[in-house]
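The lines below spell out each chain.
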Amino acid sequence: MEAKNIEVVDQESIEEEIDLEPVHKILDSFPSQDRRYLIPILQKVQAVYRYLPDKAIQLLMEVLEITRAEIFGIISFYPGLLITEPGKYIIKLCYGTACFVKGANIIANKIHETYGIHPGDTDQTKLFTLQTASCLGNCGAAPMCIVGEDTHGTIDPDKSIELFGSYKLEDAPEQQTEEVISK
Ligand code: FES
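What comes next concerns the included structure.

Each value, and the rule that gives it
- Residues numbered from 1 in each chain as written.
- Predicted model: local features only at pLDDT ≥ 70, side-chain atom pairs only at ≥ 80, totals over all residues.
- Pairing = 2+ DSSP bridges.
- Helix = DSSP H or I, 4+ residues; strand = E, 2+ residues; numbered from the N terminus.
- Axes fitted to C-alpha atoms, helices over the stretch in contact; angles between N-to-C directions.
- Core = buried A, V, L, I, M, F, W, Y, C linked by C-beta atoms within 7 Å.
- Buried ≥ 20, exposed ≤ 12 C-beta atoms within 10 Å, placed from the backbone.
- Contact = placed C-beta atoms within 7 Å.
- Expected span 1.5 Å × (residues − 1).
- Arc of directions from axis to C-beta.
- Left-handed = near helix turned anticlockwise from the far one by under 90°.
- Nonpolar A, V, L, I, M, F, W, Y, C, P; charged D, E, K, R; others polar.

A sheet is described by the order of its strands in space; here four strands give the open sequence β2-β1-β3-β4, paired in mixed fashion. Each edge of the open sheet is held by one strand with a lone partner, namely β2 (128-133) and β4 (150-152). Neighbour-to-neighbour, the strand axes of this sheet turn through a mean angle of 20 degrees, independent of strand direction. Looking at chain direction, strand β1 (residues 89-94) and β2 are connected through six bridges and run parallel. Residue pairing across strands places Leu 93 opposite Thr 132, the latter belonging to β2.

Leu 93 and Cys 94 are the most contacted members of the largest nonpolar core, which has 18 residues in total. Where this core is concerned, the elements lending two or more residues are β1, α6 (104-115) and β2. For this core, the element with the highest residue contribution is α6, accounting for five residues. Apart from the residues lying within four places of it in its own chain, the contact partners of Cys 94 are Cys 99, Ala 104, Ala 133, Cys 135, Leu 136, Pro 143, Met 144 and Cys 145. Core analysis: the second largest hydrophobic core is formed by 13 residues, Val 23, Leu 42, Ile 71 and Ile 75 among them.

To continue, consider α6. With 12 residues, α6 ought to run about 16 Å at 1.5 Å a step, and its terminal C-alpha atoms sit 16 Å apart, in line with that. Within the span of α6, buried status applies to Ala 104, Ile 107, Ala 108, Ile 111 and Tyr 115. Down the axis of α6, the smallest arc covering the buried residues is 100 degrees, so these residues share one side. Directly beyond the C-terminal end of α6, a positive phi value near 70 degrees is found at Gly 116.

On to the packing of helix α1 (residues 21-28) against helix α2 (residues 38-49). Contact geometry of α1 with α2 gives a least axis separation of 10 Å together with a crossing angle of 145 degrees. Seen along the crossing, α1 lies across α2 with a hand that is right-handed. Packed against α1, whose contacting residues are Pro 22, Val 23, Ile 26 and Leu 27, the element α2 presents Ile 41, Lys 44, Val 45 and Val 48 at the interface. Here the contact of α1 with α2 is composed, by residue class, of seven nonpolar, no polar and one charged.

Glancing now at unusual backbone geometry. Note that the residue after Ala 142, namely Pro 143, is joined by a cis bond; omega there is -5 degrees. Phi at Thr 154 takes a positive value of approximately 40 degrees, unusual for a residue other than glycine. Checked against the element boundaries, Thr 154 lands in the loop between β4 and α7 (160-165). Accessibility expressed as a C-beta count within 10 Å gives 11 for Thr 154, which makes it exposed.

Turning our attention to α2. Across its 12 residues, α2 extends 16 Å between first and last C-alpha, which sits within 8% of the 16 Å expected from 1.5 Å per residue. Within α2, burial applies to Ile 41, Leu 42, Lys 44, Val 45, Gln 46, Val 48 and Tyr 49. The positive-phi residue at the C-terminal boundary of α2 is Arg 50, with phi of around 75 degrees.

Structurally, the position occupied by Gly 80 is in the loop between α4 (68-77) and β1. For Gly 80 and Gln 46, which are 34 residues apart along the polypeptide, the C-alpha to C-alpha distance reads 9.1 Å.

The following block contains the structure:
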């Protein structure tokens, strides 16, 4: 698997005000506070906050006795783990061959024209984060994308902006913290 580029954030320039109680609960939900559980712990932390806040990473470093470099080494191999807060909806646009041939790049261009974002970016209103994905496993329905929890196939590239326009900030689901921790 190819490691993604991680822009190391200037930690001193970011003072995050976050409640770390969910991180303590997540740590307590494992049989022991051991670095071998790091990946599922990171996944649960992200499920709570939608990304990995630096304060949460610092806490994991202390409790699991692990370095920042080790944690970022894991994050670099898991495209789904994010170190900055994403938009309310993550658009996963399939860039597999079938989808590309059917206009995935046209869709990406339209997203850029409309929301000013390239893959990896979040728009200014924090509505969308755009990501590309390898084959989503349903090439017969190319081009495909996933928006939040919704899967969309056979998207008409010319009408794709109408589809994305149906997603509104006020409709975004709230994260259920307790549910995430107990899973
Ligand atoms: S290439 Fe997009 S679903 Fe397979």
